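Chains, contacts and geometry: an overview
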Amino acid sequence: MKEKINKIISLLQKEFKGLHPRPPKSDPLDMLIATMLSQNTTDKTSYKAFQNLKTDFKNWDDVMNSPPAKIKNAIKVCGLTNQKSRSIQQLLRQLNAKYKKLNIDFVKDMKDEEIYNELIQYDGVGVKTISCVLAFSLGRDVFPVDTHVHRITNRLGLVKTKSPDKTFEALKEVIPKGKKYLFHNLLIFFGRKICRAKNPLCNKCLLYDICGFKEKEFYSGLSQEAQSVPKENNFIVLEHV
């Protein structure tokens, strides 16, 4: 398995040159909330919603104490506004009640497993959300798994899992150390350009020969016109938070 993953990484690195090995580190609480906003939406709309929060409110204390309607209006662009506004306010209230401040910089001094155990208790926060905080905010060697990374790793035959969380558990000890964030990023680019959810471009895929996708022959035989899909990016990209 590790040999296959290393081969995939090597091939994708040649295809997608210039990827940054690590994103700029950002505020952990900012990243936590940005990732919560990214659930079930595109990265373009979730980033806009996050920027609206930062523009429309003075700080996270202001968000915590504001009427829900104001928060919903700020994040309406990314959908699920009732659920997300409620989860964000609840998270902020829980943090404030426990630590008397809205700041989770203390996680920087914690081990990965301690951070998972600490943050998983909050409403609206799951394994993927925490993994994004670890990888994108703290620069840890972690492999975040969203629905797209889950789909691609199953297609490639690296796992046979039913959910992103199951994929995360199956791969977290298999991916070579020091390459988890890189592998995540490469798969994101690969999923955008080639291994799309609809009409994947199997005829252009550099991983075709080592891919376990049962329908790759069918998709490789489609015409260019049949393979065209709307250019909508629904991959989570959090480097700019």
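Scroll up to find the structure.
A few points on the structure. (Residues numbered from 1 in each chain as written. Predicted model: local features only at pLDDT ≥ 70, side-chain atom pairs only at ≥ 80, totals over all residues. Heavy atoms only, no water.)

**Considering the nonpolar core**
Formally: In this description, a nonpolar core means a group of buried Ala, Val, Leu, Ile, Met, Phe, Trp, Tyr and Cys residues linked to one another through side-chain atoms lying within 4.5 Å. Any residue under 20% of the maximum accessible area for its type is buried, any over 50% is exposed, and the rest in between are partly exposed; the area is computed with a 1.4 Å probe on protein chains only. In what follows, a contact means two residues having at least one pair of non-hydrogen atoms within 4.5 Å.
Membership of the largest hydrophobic core comes to 72 residues, with the highest contact counts inside it found for Leu 29, Leu 53 and Phe 190. The residues contacting Leu 29, other than those within four sequence positions of it, are Trp 60, Leu 91, Leu 92, Leu 95, Leu 102, Asn 103 and Ile 104.

**A word on the side chain of Gln 89**
Operational definition: A run of H or I in DSSP becomes a helix once it reaches four residues, and a run of E becomes a strand once it reaches two; helices and strands are each numbered from the N terminus.
In this structure, Gln 89 sits in helix α6 (residues 81-99). Gln 89 gets classed as buried once you look at its relative accessible area, which sits at 4%. In this structure Gln 89 touches Val 63, Met 64, Asn 65, Ser 66, Pro 68 and Ile 71, once residues within four positions along its chain are discounted.

**A few points about unusual backbone geometry**
The backbone phi angle of Lys 100 is positive, close to 65°, even though this residue is not glycine. On the basis of relative accessibility, which here comes to 68%, the residue Lys 100 falls in the exposed class.

**Topic: the packing of aromatic side chains**
What counts is decided by this rule: Between 30 and 60 degrees the pair is tilted, below 30 it is stacked and above 60 it is edge-to-face, where a pair is any two Phe, Tyr or Trp rings, Trp via its six-membered ring, whose centres lie within 6.5 Å. A ring is considered to have a charge above it if a Lys NZ or an Arg CZ atom is located within 6 Å of its centre and within 35 degrees of its normal.
Tallied over the full model, the rule gives eight aromatic pairs. Ring geometry for Phe 16 and Phe 189: centres 6.0 Å apart, planes at 45°, overall tilted. Of this pair, Phe 16 sits in the loop between α1 (2-15) and α2 (28-37) while Phe 189 sits in helix α11 (residues 180-193), and the two are 173 residues apart along the sequence. Residue class for Phe 16 comes out buried when judged on its relative accessible area of 11%. On the numbers, 5.8 Å between centres and 55° between planes, the contact of Tyr 116 with Phe 168 is tilted. Of this pair, Tyr 116 sits in helix α7 (residues 112-119) while Phe 168 sits in helix α10 (residues 164-171), placing them 52 residues apart in sequence. For Tyr 116, a relative accessible area of 11% puts it in the buried group. The class for Phe 168 is buried, based on a relative accessible area of 8%. Of the aromatic side chains, those joined through ring pairs into one cluster are Phe 213, Phe 218 and Tyr 219. Positioned above the aromatic ring of Phe 189, the side-chain terminus of Arg 192 is 5.3 Å from the ring centre. In this structure, Lys 216 packs its charged tip against the face of Tyr 208, placed 4.6 Å from the ring centre.

**Concerning the packing of α1 against α11**
As a reminder, the rule being used: Axes here mean lines fitted to C-alpha atoms, for a helix over just the part in contact, with angles spanning 0 to 180 degrees between N-to-C directions. For classification purposes, angles smaller than 35 degrees are called roughly parallel, those larger than 145 roughly antiparallel, those between 65 and 115 roughly perpendicular, and all remaining angles oblique. Helix crossings are classified by the rotation of the near helix relative to the far one: an anticlockwise turn of less than a right angle makes the crossing left-handed, while a clockwise turn makes it right-handed.
At a minimum axis separation of 10 Å, α1 and α11 run at an interaxial angle of 60°. Taken together, the axis directions place α1 and α11 in an arrangement best described as oblique. Note on packing geometry: the crossing formed by α1 with α11 is left-handed. Seen from α1, the contacting residues are Ile 5, Ile 8, Ile 9, Leu 12 and Gln 13; seen from α11, they are Leu 182, Phe 183, Leu 186, Leu 187 and Phe 190.

**Let's talk about empty space enclosed by the protein**
What counts here: Any residue with an atom within 4 Å of a point lines the site, the site being either a cavity, points on a 1 Å grid over the protein atoms alone where a 1.4 Å probe fits but cannot get out, or a pocket, an open set with protein on both sides within 12 Å along at least 5 of 7 lines. Grid points are joined across faces, edges and corners, and a volume is the space filled by probe spheres set on the points. Residues were grouped as follows: Ala, Val, Leu, Ile, Met, Phe, Trp, Tyr, Cys and Pro as nonpolar; Asp, Glu, Lys and Arg as charged; and all remaining residues, including Gly, as polar.
According to the stated counting rule, one finds four cavities of 30 Å³ or more in the structure shown. Quantified by volume, the largest cavity comes out at close to 90 Å³. Lining the largest cavity are 13 residues, and of these Phe 190, Cys 195, Cys 202, Cys 205 and Cys 211 lie nearest its centre. Considering only residue class, the lining of the largest cavity consists of 11 nonpolar, no polar and two charged.

**As for the packing of α2 against helix α3 (residues 43-56)**
Orientation of α2 relative to α3, taken along the N-to-C sense of each, is 135°, at an axis distance of 8 Å. Classed by the angle they form, the pair α2 and α3 counts as oblique. Taken as a pair, α2 and α3 cross one another with a handedness that is right-handed. Contact residues: α2 offers Asp 30, Ile 33, Ala 34 and Leu 37, while α3 offers Ser 46, Ala 49, Phe 50, Leu 53 and Lys 54. When the residues that make up the contact of α2 with α3 are grouped by side-chain class, the tally is six nonpolar, one polar and two charged.

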